[in-house]
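Listed here are the chains, written in short residue letters.
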Amino acid sequence: MAGQDRPELVAAPDETALEAAFQARVDAETRIEPRDWMPEKYRRFMIRQISQHAHSEYVGMLPEGNWITRAPTLRRKAALLAKIQDEAGHAAYLYSAAETLGTTRDQTLEDLHSGKAKYSSIFNYPVLTWADIGTIGWLVDGAAIVNQVALCRTSYGPYARAMVRICKEESFHQRQGFEIMTTLAHGAPEQKEMAQDALNRWWWPALMMFGPHDADSPNSEIAFKWKVKRQSNDELRQRFVDMTIPQADFLGLSVPDPDLTWNETTGHYDFGPIDWDEFWRVVKGDGLCNRDRLDARRSAHEDGAWVREAAMAHAEKKRAAKQNVA
Amino acid sequence: MNAPAADRDAALFRYLLRLGDTSHVLCHRLGEWCGHGPIMEEDIALTNVALDLIGQARLFYQYAGEVEGKGRSEDELAFLRPERDFNNLLLVEQPNGDYARTMARQFLFDAWNLLLFRGLEQSTDPRIAEIAAKAVKEITYHRRHSAGWVIRMGDGTEESRRRIVAAFEQLMGFTAEFFHMDDIDRQMADAGIGPDLSALRDPWMADVEAVLAEATLGWPTATWSVLGGRHEGRHTEHLGYMLAEMQSMQRQYPGLNW
Ligand SMILES: [Fe+2]
Ligand SMILES: [Fe+2]
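All of these numbers come straight from a predicted model, not from anything done at the bench.

1. Description of the overall build of chain B
Of the regular secondary structure elements, chain B holds 12 helices and zero strands. For chain B, the α and β elements follow one another from N to C terminus as α-α-α-α-α-α-α-α-α-α-α-α. For chain B, whose C-alpha radius of gyration is 18 Å, the value lies close to the compact-globule estimate of 18 Å for 258 residues. The C-alpha extent of chain B, read off along each of the three principal axes, is 60 × 40 × 30 Å. Excluding contacts between residues fewer than 6 apart, the proportion of contacts in chain B whose partners are at least 24 apart in sequence is 79%. Total accessible area on chain B stands at roughly 10,000 Å², and carbon and sulfur atoms take up 52% of it. Measuring between centres, the 26 positive side-chain charges of chain B sit 1 Å from its 39 negative side-chain charges.

What follows is the structure in structure tokens.
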């Protein structure tokens, strides 16, 4: 090939043209599909985002899983089991979406276990009472929906389609959580107290789920350019606050924010400053449950290795036997 | 109510509790795996089984409450009865152990449970027949899933074989309870409400033997066997811890709505 001695001269113009064509497709709102050419940076960006999302679903099973064995009624136990099963389904679905970009589930899991890949830091907080299960459904699934509805129009096709499917289940989780909160808020004094305590502990971490202010979020600019993202973290956070405060009012619970006020002029709620130091401390390891979550994921994986090996060895024997017959 | 009818209802009530307790206790054990399974797909599959079991448990408890006629709800029956009043099979309260132990427990149970529910499907009690008709489809899937793992583990690697063999040795002695009948069981069988449990032994053994053969395994060598849970509420020590956890909310906050 002529280009072989000076590849950069041949590759460079090609790459530029391809990138321009890629950006034009994005700008024209054409979904990017796995077989389409895409810039290596975009591919890596999407792998990072989708697998981080998948890890969040997977790790997110653990805090709620703690309460399966203590659910107060059979109906709640069944609903909680079903919810956590949905989260496993979301994880499986998202790991597959990541695989369309040329990575493997094994690789992405290895990155989770080594601590290289992140998951949503909300799951580093402990789930202490039954009211936390209600609050997680109401606020954490609620915040996830706001994020994920926005992602239903993201530029990468398989991710966008995964979001459409997942959003339906998340809104079911959110309603279920809100229903638990309604029961508690209208229940005995100790139940109402439990509900308020849970809201006090989860409110600010839920607001942090939308990520830092866009000015402090290094990837925001490129994410907008590629239409991975269409709304800023702050816009989504505001939408969540506007949506949630009337629900808290309905429950007769109050969010732990003395600065919260309705702003007639903007038509939005104003809220107080977020403690970003706490956010970063928890992300970097100072949450109550960071180690427990990662240990649980690692040991499930390590303890399950012989099971996966057995399944592969058996499938291999079956295949060989079939070949011998044929 | 005349004496024979009252006696029949008391027996039916107890019979339904045995069914409900067994399903709920096994559901609880499977729930302990949630998020800790060897692969995501198994988390999903085990949760499916757990969901079917809790669905069955609820229907049996609800019916039991009605038969008893004292206004006890499904939750009062599940969460406010003491250990000695629980009548689940000893097998299903055994701890999860490794995945081999869990799958061996599940397969031994599923193979029997499928036969039991096929019998209940023919029940002269229409309510039980209806519950069983739906459950048979679910349990058919459970049995296929657990049998599949027994085969994979038996005919997999050295390690998986060693583990599944050990699991069957540790659990087989609990299966005597499957076929052991007391007066209540006989009364239910005579009334055509439930099957003759002793008649389930041969088809169960045939099924288990066939799956073990496909797994390249022989019948376990352990000769011990125990009874006590299903008839007398005489359990292994594991159930007490489970109930302490399972019932903690209802015990801590009596009489509240959740
Ligand atoms: Fe989810
Ligand atoms: Fe969810």
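Resuming the write-up.
2. Concerning the interface of chain B and chain A
In this complex, chain B contributes 49 residues to the contact, which on the side of chain A involves 46 residues. The largest share of the area that chain B buries against chain A comes from Met40(B), Met249(B) and Trp258(B), three residues that together contribute 19% of it. Its salt-bridge partner being Arg105(A), residue Glu41(B) comes within 2.5 Å of it at the nearest N-O pair. Seen at the junction of chain B and chain A, the total is 15 residue pairs in polar contact (both at pLDDT 80 or more). Of all elements in the fold, only helix 1 (3–33), helix 2 (40–68), helix 3 (74–79), helix 5 (99–121), helix 6 (126–154), helix 7 (158–171), helix 11 (238–246) and helix 12 (248–252) of chain B reach the threshold of two or more residues within the side of chain B that touches chain A. If you tally residues by element for the side of chain B that touches chain A, the top one is helix 2 of chain B, at 11 residues. Considering only residue class, the side of chain B that touches chain A consists of 22 nonpolar, 14 polar and 13 charged.

3. A short note on the coordination of the iron ion (ligand 1)
All names here are of chain A. Ligation of the iron ion (ligand 1) by protein atoms is provided by Glu57 (OE), Glu87 (OE), His90 (ND1) and Glu170 (OE), these donors lying 2.0 to 2.2 Å from the ion. Positions of the donor residues of the iron ion (ligand 1) along the chain correspond to the pattern E-x29-E-x2-H-x79-E. Taken as a pair, the iron ion (ligand 1) and the iron ion (ligand 2) lie 3.5 Å from each other and share Glu87 as a ligand. Here Glu170 lies in helix 7 (residues 157–185) and Glu87 lies in helix 4 (residues 74–99), a separation of 83 residues in the sequence. The buried category is assigned to Glu87, whose relative accessible area is 6%.

4. Observations regarding the layout of surface pockets
To locate leftover empty space, one rolls a probe as large as a water molecule over the atoms. Its volume calculated, the second largest pocket comes out at about 230 Å³. In terms of lining, the second largest pocket is formed by 13 residues, of which the most central are Asp106(A), Leu109(A), His301(A), Arg308(A) and Ile39(B). Elements with a minimum of two residues in the lining of the second largest pocket: helix 5 (105–113), helix 12 (290–303) and helix 13 (305–325) of chain A. A class-by-class count of the residues in the lining of the second largest pocket yields seven nonpolar, two polar and four charged.

5. Remarks on the pattern of salt bridges
Inspection of every chain in the model, using the stated rule, returns 38 salt bridges over all chains. For Glu87(A), the salt bridge identified is with Lys83(A), shortest N-O distance 3.8 Å. Here Lys83(A) and Glu87(A) lie together in helix 4, a separation of four residues that amounts to about one turn. Of the two residues, Glu87(A) and Lys83(A), neither departs from the other in class, the shared state being buried. Residues Glu32(B) and Arg29(B) are paired through a salt bridge, measuring 2.9 Å at the closest nitrogen-oxygen approach. Linking Glu32(B) with Arg29(B), this pair stays in helix 1, spanning three residues, or about one helical turn.

6. Structural notes on the side chain of His55(A)
Mapped onto the fold, His55(A) is located in helix 2 (residues 40–59). Those residues in contact with His55(A), other than ones at most four positions away along the chain, are Gly60(A), Tyr95(A), Thr108(A), Leu109(A), Leu112(A), Ala117(A), Lys118(A) and Tyr119(A).

What counts and how
- Residue indices follow the written sequence of each chain, beginning from 1 at its first position.
- All chains are assigned letters beginning at A, and all ligands numbers beginning at 1, according to the order in which they are written.
- Local features in a predicted model are, by the rule used here, given only for residues with pLDDT of at least 70; side-chain atom pairs are given and counted only at 80 or more, and totals for whole chains, interfaces and linings are based on all residues.
- Each side-chain value is derived from all of the structure's non-hydrogen atoms; neither hydrogens nor water enter the calculation.
- Going along the chain from the N terminus, every DSSP run of H or I of four or more residues is numbered as a helix, and every run of E of two or more is numbered as a strand.
- What the globule rule says is 2.2 Å times the number of residues to the power 0.38, and the radius of gyration is computed from C-alpha atoms.
- Whether two residues are in contact is decided by their heavy atoms, any of which lying within 4.5 Å being enough.
- Residue exposure ignores everything except the shown protein chains as possible cover, and the areas themselves are Shrake-Rupley values with a 1.4 Å probe.
- Neither His nor the chain termini are counted; the positive set is Lys and Arg, and the negative set is Asp and Glu.
- Every charge is mapped to an atom, namely NZ of Lys, CZ of Arg, CG of Asp or CD of Glu.
- Accessible area that two parts lose when put together, evaluated with a 1.4 Å probe and summed over both, is termed the buried area.
- We count a salt bridge whenever a side-chain nitrogen from Lys or Arg sits within 4 Å of a carboxyl oxygen from Asp or Glu.
- Within 3.5 Å is the distance limit for a polar contact, defined as a pair of N or O atoms, with the added protein rule that one can donate a hydrogen and the other accept it, and that residues adjacent in sequence qualify only through two side-chain atoms.
- Residue type decides the class: Asp, Glu, Lys and Arg count as charged, Ala, Val, Leu, Ile, Met, Phe, Trp, Tyr, Cys and Pro as nonpolar, and the leftover types, Gly among them, as polar.
- Sites may look incomplete, because water is not among the atoms used; the donor set itself consists of N, O and S atoms within 2.8 Å of the metal (3.2 Å for Na, K and Ca).
- Categorising residues by exposure relies on relative accessible area from a 1.4 Å probe, with only protein chains included: less than 20% of the type maximum marks a residue as buried, more than 50% marks it as exposed, and the intermediate range marks it as partly exposed.
- Using protein atoms alone on a 1 Å grid, points that fit a 1.4 Å probe yet trap it form a cavity, whereas open point sets bounded by protein on both sides within 12 Å along at least five of seven lines form a pocket; residues with an atom within 4 Å of a point count as lining.
- Grid points are joined across faces, edges and corners, and a volume is the space filled by probe spheres set on the points.

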